[in-house]
There are 2 protein chains.
Amino acid sequence: MNAYRQLEERFRRIGAIEQAISVLHWDTAAIMPEGGAFARAEQLSTLRLIAHQHLVAPEVENLLAEAGASNRNLGEWQRANLREMRRRWLHAAAVPGELVEAESRACSECEAVWRRARLENDFAAVLPGLERILHIEREIGAVKGERLGTSPYEALAEQYEPGASVAVIDRLFDEIAAFLPDLIEDAVARQAAAPSANISGAFPIEAQRRLAMRLMEQIGFDFKHGRLDISAHPFCGGIPDDVRITTRYSEIDFARSLMGVLHETGHALYQRGLPAVWRLQPVGRARGMAMHESQSLLLEMQVCRSRAFLTYAAPLIREAFGGEGPEWEADALYRRQIRVRRGVIRVDADEVTYPAHVILRYRLERAMLAGDLDPSELPAAWAAAMRDMLGVAPDSDREGCLQDIHWYDGNWGYFPTYTLGALIAAQLFEAARRDLPDLVREITEGEFAGLIGWVRERVHLKGSLLSTPELVESATGRALGTASFERHLRDRYLA
Amino acid sequence: MNAYRQLEERFRRIGAIEQAISVLHWDTAAIMPEGGAFARAEQLSTLRLIAHQHLVAPEVENLLAEAGASNRNLGEWQRANLREMRRRWLHAAAVPGELVEAESRACSECEAVWRRARLENDFAAVLPGLERILHIEREIGAVKGERLGTSPYEALAEQYEPGASVAVIDRLFDEIAAFLPDLIEDAVARQAAAPSANISGAFPIEAQRRLAMRLMEQIGFDFKHGRLDISAHPFCGGIPDDVRITTRYSEIDFARSLMGVLHETGHALYQRGLPAVWRLQPVGRARGMAMHESQSLLLEMQVCRSRAFLTYAAPLIREAFGGEGPEWEADALYRRQIRVRRGVIRVDADEVTYPAHVILRYRLERAMLAGDLDPSELPAAWAAAMRDMLGVAPDSDREGCLQDIHWYDGNWGYFPTYTLGALIAAQLFEAARRDLPDLVREITEGEFAGLIGWVRERVHLKGSLLSTPELVESATGRALGTASFERHLRDRYLA
């Protein structure tokens, strides 16, 4: 068996272990009785350790070198697979074992402290933990950056978004920051002039679930290859052949869960649409977190919060809850789904203000990693940036720099993917409308096969064959920019 | 780290992988969408392969020898753990890889053919597959028997019931066969003289589920450490800290599912009661399938089909289904739960006729393995034995030698554990009544803590510390025999 084949064998096994981990992770979040937690942690850490050992076994480096030296014999997908194998191996092998262990320990300690600190609004309590993690992440960024030939920040961001470039992110985020404050101001003023009426009432959970499943199926989710369940923190888990979405229902607000389900359905369709012949191989995986987020936002923001979609969905929504009156009309439903508010909480933000939350975090995490911002100054810097970007400031750290888990759990470099995803989504939808002239009409009529087929062919079926920039350009005909996103916001909120 | 410690580390890891396999197996049976089957098979076979490789790695034999040579330094539990490690290693290492593979292939091929053959009542179709499996099992029995110092049949039975002895099984089964036919005849005649009225009606599944959970909880099942779900073939899965029972409901018959759930609850309490400090180690596992079956039969047959239990449960059952009238009284419910019928299907059999089904299969599988019965003669031999043991004969092979999956899936030597379990259950319950004079009154009042505490201390908490015969003797004060079982049958069915 040649070197490349041996690597495929090895990565196939790693892939199967990771699929098992993914299903167990879903089980933990969705249905495991609480008493199973300790044993589950042991199962997961054992499987993770075994997958890691397979990845960093001494023979892998030689196999990668050997396969690389004879890569003229490989096809396009195989060459890309080899590149992705090397990328995964680099990330796993670059960091010395003690540093991996130190990170893991620091993160679990800090995360526990953070949960209490957030509850008690006590940033000082978590500061030492945050400083320790920052120190460790800086080291990890340095050693990975040296191997990858990137800056430390890029090396960290690479873990979520392969090939992430600060030059590109800076340019895109600067462009957004330039138009966003005025746009927010205009949108808020315009909506204030025409307030939309709320729907109140009790929305039975079973009716919500049925409606969600009906819309999921209509859009293209195949329940032969997936499930919809409940968990405290909604997510899309499972594996491409068995995609498991979770949500959380509120009996007094159906739209939040429904839009959440449709968001996760975007992630799910991406998972499901990945190239089946490359299952379990690195090249068969989703391209990165920015592209993944683009798929959820394409469905939630571009499609399902549109007037066209709500025109289609309004009768189904009324039927599900027995709704009557003008507040159940498509236009009223639509206007409630596109409300803009200057808030301090990221996860509650609408699509217009969301980038402000992300850009703020991106700049602060870069400054901390570069040593330009001491973590002790984070609360003040956060409040100032918030005032600057959004014109509001949090009343407390709980609603400020303590609100997100990411930094306290070691996920540095993750935040940009949210907004990169929003940009990609807008650019994809614009391209789809260009390629599919009837698209908006189709959505109004509940036909999604055209759009899903379009994005499946151009994005899902490419797996990790291309880099993110290549993938965006091949799917939309243009390099990733902010123009489509800006046009989308102006069309929806200012037209 | 000394040899024994290294083995504990290794088996801890194997144990965690096997727990992951167990949860995934539950998921497959209970909730996986059908489209996930192919990927799940790959996950499970990968994890099984990894566990197997850990078990048969070249260093294990030396570690076992080294730890064995210095076992004076080990405590009682550690010595037993080492013995169980060696047992597991022997079973895994005894069989050459090609034979393992041949078995696995032959079984999956034959099982698929069997499913169709049973449906179409076509024994000839599955005969070649059965012959191939028989040939392979004979070889496996021979190589394992040589390593274990047992007969080939015992080596196969050892896989399910450690230390299984044909001399003991023969003696016990001969004793049963001597008294059973007359006992069946008397019980059937007596019940025919006093027929019991059926309950008919529709029993909503949600009401059945609530009743089952209420009784499970009352008996001692902790839903913080377990679940009750639905699957086509009811079983008890999961792991000791997260025990997952499944059942199958019929809207026209609540008792079958209820008694099934209580049966699985017995398995579950055993799992849950295994010694927590020995989790993931071989000595911390259940003693074997006979002991496991004894726990389910102790609860189902000895406790829950008793007049005492149904006196306690009758008002709850009436409440669950809004039942009224004499057919809902405890005595009527009880009499319906102890009906004896000469039937041809094992899984439908009552506790009186069940041993006949088992003894028949035990004798036939031994004869086939010994070469005394050619598989082509199985249908005729089956019908003859059935007539001889039970006085009935199947109309077709579908209701005869095609009814059970065991032989067609490579589980030779498994059948005796059902009846060994019934014997142990009767002997345990008799001992418990002797030790706990108020036991029957407690059951009548829905108090189970006394019994569960008794069996937990004497059986569950022993894990695999003792052999099955030692465990039975230490728990009941007597070697395993048939006297308690016979007394139980005579008391319940002939008194």
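Quick caveat, the model's predicted, so the values are computed rather than measured.

Caption draft 1: Here's a closer look at the overall build of chain A. The helix and strand tally for chain A stands at 20 helices and three strands. Taken over the C-alpha trace, chain A has a radius of gyration of 23 Å; the compact-globule value for 495 residues is 23 Å, and the two agree within 12%. Overall, the C-alpha framework of chain A stretches about 70 × 50 × 50 Å when taken along its three principal axes. Here chain A holds 495 residues, and the buried ones make up 45% of them.

Caption draft 2: Up close: the domain arrangement of chain A. Residues and elements named next belong to chain A. Its domain assignment divides chain A into domain 1 (1–94) and domain 2 (162–495). A C-alpha centroid distance of 29 Å is found between domain 1 and domain 2. Between domain 1 and domain 2, the contact holds 20 residues from the first and 17 residues from the second. Every element with two or more residues in the side of domain 1 that touches domain 2 is listed here: helix H1 (3–30) and helix H4 (76–94). In terms of residues, the side of domain 1 that touches domain 2 owes the most to one element, H1, which gives 12 residues. In terms of residue class, the side of domain 1 that touches domain 2 is made up of 10 nonpolar, five polar and five charged.

Caption draft 3: Just the pairing of strand E2 (residues 236–239) of chain B, in detail. Residue and element names in this part refer to chain B. Burial along E2 is two-sided: Cys236 and Gly238 and Gly237 and Ile239, pointing in opposite directions, are all buried. Inspection of the sheet shows E2 paired to strand E3 (residues 242–247) by four bridges, in the antiparallel sense. Following the sheet pairing, Cys236 is matched in E3 by Ile245. Where E2 folds back onto E3 in an antiparallel hairpin, the turn is made up of two residues.

Caption draft 4: Summary view of the relation of the copies chain A and chain B. Relative to chain B, chain A is turned by 180 degrees and slid 0.0 Å along the rotation axis, the superposed coordinates differing by an RMSD of 0.1 Å. Both copies of the chain, as the preceding transformation shows, are related through a two-fold rotation axis. With an isologous cut-off of 70% or more, the 100% of interface residues of chain A that recur at the interface of chain B puts this contact in the isologous class.

Caption draft 5: A look at helix H6 (residues 123–148) of chain B. All names here are of chain B. Gly129 marks the point of greatest bend in H6, at about 25 degrees. All of the buried residues along H6 are Phe123, Val126, Gly129, Leu130, Ile133, Leu134, Ile136, Glu137, Ile140, Gly141 and Lys144. Where H6 is buried, its residues meet helix H4 (76–94), helix H5 (97–119), helix H7 (152–158), helix H14 (354–370) and helix H15 (378–390). Count one or two residues on from H6 and you reach Gly149, which has phi positive near 70 degrees.

Caption draft 6: Structural detail: the confidence of the model for chain A. When pLDDT is averaged along chain A, the result is 96; 100% of the residues meet or exceed 70. Confidence metrics for the complex model read pTM 0.95 and ipTM 0.94.

Caption draft 7: Representation of the packing of helix H5 (residues 97–119) of chain A against helix H6 (residues 123–148) of chain A within the structure. Residues and elements named next belong to chain A. In contact at an axis separation of 9 Å, H5 and H6 are set at 155 degrees when each is read in the N-to-C sense. Taken together, H5 and H6 sit at an angle that is classed as roughly antiparallel. The way H5 lies across H6 gives a crossing that is left-handed. Here H5 contributes Leu99, Ala102, Glu103, Ala106, Cys107, Glu109, Cys110, Val113, Trp114 and Ala117 to the contact with H6, which in turn contributes Phe123, Ala125, Val126, Gly129, Leu130, Arg132, Ile133, Ile136, Glu139 and Ile140.

Caption draft 8: Broad picture of the interface of chain A and chain B. On the side of chain B, 29 residues touch chain A, which itself brings 29 residues to the contact. Of all the secondary structure elements, the ones that give two or more residues to the side of chain A that touches chain B are H1, helix H2 (37–56) and strand E1 (226–230) of chain A. Element by element, the count of residues in the side of chain A that touches chain B is highest for H1 of chain A, at eight residues. Its residues placed into classes, the side of chain A that touches chain B shows 13 nonpolar, seven polar and nine charged.

Caption draft 9: Broad picture of the sheet that holds strand E1 (residues 226–230) of chain B. Residues and elements named next belong to chain B. In spatial order, the strands read E1-E3-E2; together these three strands make up an open sheet with mixed pairing. The strands lining the two open edges of the sheet, one partner per strand, are E1 and E2. The average undirected angle you get between the axes of adjacent strands in this sheet is 20 degrees.

Caption draft 10: Spotlight on H5 of chain B. All names here are of chain B. Look at H5: 33 Å from first C-alpha to last across 23 residues, which is about the 33 Å you get at 1.5 Å a residue. Within the span of H5, buried status applies to Ala106, Cys107, Cys110, Trp114, Ala117 and Arg118. For H5, the secondary structure elements touched by its buried residues are H6. A positive backbone phi angle near 55 degrees is found at Asn121, which sits one or two residues after H5.

Caption draft 11: Looking closely at the nonpolar core. Cys110, Leu298, Ile359, Leu423, Ile424, Ala425 and Leu428 of chain A are the most contacted members of the largest nonpolar core, which has 106 residues in total. By size, the runner-up hydrophobic cluster in this structure holds 105 residues, among which are Ile169, Val303, Val358 and Met368 of chain B.

Criteria and cut-off values
- Residues numbered from 1 in each chain as written.
- Chains lettered and ligands numbered in written order.
- Predicted model: local features only at pLDDT ≥ 70, side-chain atom pairs only at ≥ 80, totals over all residues.
- Helix = DSSP H or I, 4+ residues; strand = E, 2+ residues; numbered from the N terminus.
- Rg over C-alpha atoms; globule rule 2.2 N^0.38 Å.
- Buried ≥ 20, exposed ≤ 12 C-beta atoms within 10 Å, placed from the backbone.
- Domains from an automatic or database assignment.
- Contact = placed C-beta atoms within 7 Å.
- Nonpolar A, V, L, I, M, F, W, Y, C, P; charged D, E, K, R; others polar.
- Pairing = 2+ DSSP bridges.
- Least-squares fit on C-alpha atoms with pLDDT ≥ 70 in both.
- Bend = angle between axes of the 7 residues up to and from the residue.
- pLDDT = per-residue confidence, 0-100.
- Axes fitted to C-alpha atoms, helices over the stretch in contact; angles between N-to-C directions.
- Parallel < 35°, antiparallel > 145°, perpendicular 65-115°, else oblique.
- Left-handed = near helix turned anticlockwise from the far one by under 90°.
- Expected span 1.5 Å × (residues − 1).
- Core = buried A, V, L, I, M, F, W, Y, C linked by C-beta atoms within 7 Å.

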